[in-house]
Amino acid sequence: MSQGDNKGYGVVDSAVMARVRAKLGPLGLILHTHNQHGDDTVVVQADDILQVMEFLRHDPAMSFDMMMDLTAVDYLGAERTHPYLEPLKARFEVVYHLYSVEKNHRIRVKAPLTLENCYINSVTGIWAGADWFEREAFDLYGVVFRGHPNLKRILLYEGFEGHPLRKDYDKFKRQPLIGPVN
Amino acid sequence: MGVNEVTPGEVAALSDSVIITQLSKLVNWGRKYSFFLYPFVTACCGMEFMSVAGPRYDIDRFGAALPRFSPRQADLLMVVGTISHKQAPILVKVYNQMAEPKWVFAYGSCTVSGGMYNNYATVQGIDTLIPVDVFVPGCPPRPEMVLDGLIMLQEKVVREPRINLTRGVSPLGEADDRKIIAG
């Protein structure tokens, strides 16, 4: 666990965050960092995601060998709650939770995306387990993962229109395969 | 002396071994105590269903113990758990594959009405897809409620005229789940 206050934004960097800052900061890859409830978080540009992830996976001091979770968030109407979203006019975020079995440390990586440019490079080449997570994020949020080997819907069916967890998806819209629209 | 005449002595001798009834009543009596379930278990209600099927509540006391995992061999479709729109064609297909006579048991709030899920994914009650004989709401229903529902179904079976039992295919027709498999 890293140090940091429980109010949201850490003061003292953990060893992980210090190295991330030292290595990625000079390259201009870090948009924002914070430490919420002891969880190190680094926000990066979506275009740089592969470079950042390669570093986190292969750097000997990082060696994040396990991708715990990958999901997306839609901040439509709530962009102001995150200081780094508004200047980018970003609406979505792709969130990665990484864990190192070897080092027993964790990090959260976030990449903001706009509606117009809702594309990000797939990390399946780094962690094969990202495959179905990326399909789920594509299915429910419409984030397109470039370079994914099989990017099609995983939970919903072929022919379903739209992405139902987007905040502008009409919550009363129904598209059954069979039976009445109720 | 006609051949049909029976002496009081003969009636007394046979009264312990002969029952006179109607064929339909006899058949319904047999059906009510020999349900073969098809457990269409999709969600958390399945845990409660296992409790009902287990020795403490024991649906075998009502003759409904034996689950059949082929719809061809089952006559009671137990729909246990949330039915999503993706699942709906499969449920209809299973219903259509069951041989007559057949009954449907809606187990839990989700199958009855969609329950707490009113969203893009969930069927708002399986009665929008297939005819249902017993609705047992609850999230999940207590085993006692399920047994009560089973007894209600038995009473319904007893009342049914045998020749009127045919349910046919679902009102929605034959389900085509090929696009699900392709998807």
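Because the structure is a prediction, the values reported are computed rather than measured.

Caption draft 1: Region of interest: the overall build of chain A. Helices and strands together make up the secondary structure of chain A, namely 4 helices and 7 strands. Each helix and strand of chain A, placed in order from N terminus to C terminus, yields the pattern α-β-β-α-β-α-β-β-β-α-β. Taking 182 residues into account, the globule formula puts the C-alpha radius of gyration at 16 Å, and chain A, at 18 Å, falls close to it. Along the three orthogonal principal directions, the C-alpha set of chain A runs to about 55 × 35 × 25 Å. Each of the 182 residues in chain A was classed as buried or not, and the buried ones make up 32%. Nonlocal contacts in chain A, meaning residues at least 24 apart in sequence, comprise 52% of its contacts between residues at least 6 apart.

Caption draft 2: Looking closely at the overall build of chain B. Broken down by element type, chain B carries 7 helices and 4 strands. Across chain B, helices and strands are ordered from the amino to the carboxyl terminus as α-α-β-α-β-α-β-α-β-α-α. A compact globule built from 183 residues should have a C-alpha radius of gyration of about 16 Å, whereas chain B, at 20 Å, is more than 25% larger. Taken over the C-alpha atoms alone, chain B extends approximately 80 × 35 × 25 Å along its principal axes.

Caption draft 3: Up close: the packing of helix α2 (residues 23-32) of chain B against helix α6 (residues 143-159) of chain B. Residue and element names in this part refer to chain B. Running from N to C, α2 and α6 cross one another at 160°; their axes reach a closest spacing of 8 Å. As summarised for this structure, α2 and α6 are arranged roughly antiparallel, according to the angle between their axes. Where α2 crosses over α6, the two elements pack in a sense that is right-handed. Here Asn28, Arg31 and Lys32 of α2 lie close against α6, whose contacting residues are Gln154, Val157 and Val158. In terms of residue class, the contact of α2 with α6 is made up of 2 nonpolar, 2 polar and 2 charged.

Caption draft 4: Structural detail: the nonpolar core. Within the largest apolar cluster, 41 residues are counted, with the highest numbers of intra-cluster contacts made by B:Leu76, B:Leu77, B:Met78, B:Val79, B:Leu91, B:Phe105 and B:Tyr107. Those residues within four positions of B:Tyr107 in sequence are excluded, and the remaining contacts are B:Cys45, B:Phe49, B:Met78, B:Val79, B:Val80, B:Val136, B:Pro141 and B:Val146. Core analysis: the next-biggest nonpolar cluster, separate from the first, contains 37 residues, A:Leu24, A:Met62, A:Phe92 and A:Tyr96 among them.

Caption draft 5: Inspection of the sheet that holds strand β4 (residues 134-136) of chain B at higher detail. All names here are of chain B. Pairing in this open sheet of 4 strands is parallel, and the strands run β1-β2-β3-β4 from one edge to the other. Pairing within the sheet leaves two strands with one partner each, and these edge strands are β1 (37-41) and β4. Strand-to-strand twist in this sheet, taken as the mean axis angle between neighbours without regard to direction, amounts to 15°. By the bridge criterion, 3 bridges tie strand β3 (residues 103-107) to β4 in an arrangement that is parallel. Bridge pairing in β4 places Phe105 opposite Val134.

Caption draft 6: Inspection of the environment of B:Phe36 at higher detail. All names here are of chain B. Looking at the secondary structure, you find Phe36 in the loop between α2 and β1. The class for Phe36 is partly exposed, based on 16 C-beta atoms found within 10 Å. Between the C-alpha atom of Phe36 and that of Pro71, which follows or precedes it by 35 residues, the distance is 9.6 Å. When residues no more than four places from it in sequence are discounted, the contact partners of Phe36 are Leu66, Arg68, Gln73, Ala74, Asp75 and Leu76.

Caption draft 7: Quick peek at the pairing of strand β1 (residues 30-36) of chain A. Residues and elements named next belong to chain A. Here β1 runs beside strand β2 (residues 39-44); their pairing, made up of 6 bridges, is antiparallel. Counted as the bridge partner of Gln36 is Asp39 from β2. Hairpin geometry of β1 and β2 is characterised by an intervening segment of 2 residues between the two adjacent antiparallel strands and by a positive phi of about 50° at His37.

Caption draft 8: Up close: the sheet that holds strand β3 (residues 66-74) of chain A. All names here are of chain A. Spatially, 5 strands are ordered β1-β2-β5-β4-β3 in an open sheet, and the strand pairing comes out mixed. Of all the strands in the sheet, just β1 and β3 have a single pairing partner and so form its edges. Across the sheet, the mean angle from the axis of one strand to that of its neighbour is 20°, orientation sign disregarded. With 8 bridges connecting them, β3 and strand β4 (residues 92-100) associate as antiparallel partners. Residue Asp74 lies in a different strand from β4, and its bridge partner there is Phe92. Most of the contacts of helix α2 (residues 49-58) go to strand β5 (residues 105-113), to which it runs at about 175°, and overall it touches β2, β4 and β5. Against the sheet, helix α4 (residues 130-141) makes contact with β3 and β4, and its axis sits at roughly 5° relative to β3, the strand it touches most.

Caption draft 9: Local environment of the confidence of the model for chain B. All names here are of chain B. In this model, chain B carries a mean pLDDT of 87, and residues with pLDDT of at least 70 account for 92%. When mean pLDDT is taken per element in chain B, β4 scores highest with 95 and helix α7 (residues 178-182) scores lowest with 50. Reported confidences for the modelled complex are a pTM of 0.83 and an ipTM of 0.78.

What counts as what
Residues numbered from 1 in each chain as written. Chains lettered and ligands numbered in written order. Predicted model: local features only at pLDDT ≥ 70, side-chain atom pairs only at ≥ 80, totals over all residues. Helix = DSSP H or I, 4+ residues; strand = E, 2+ residues; numbered from the N terminus. Rg over C-alpha atoms; globule rule 2.2 N^0.38 Å. Buried ≥ 20, exposed ≤ 12 C-beta atoms within 10 Å, placed from the backbone. Contact = placed C-beta atoms within 7 Å. Axes fitted to C-alpha atoms, helices over the stretch in contact; angles between N-to-C directions. Parallel < 35°, antiparallel > 145°, perpendicular 65-115°, else oblique. Left-handed = near helix turned anticlockwise from the far one by under 90°. Nonpolar A, V, L, I, M, F, W, Y, C, P; charged D, E, K, R; others polar. Core = buried A, V, L, I, M, F, W, Y, C linked by C-beta atoms within 7 Å. Pairing = 2+ DSSP bridges. pLDDT = per-residue confidence, 0-100.

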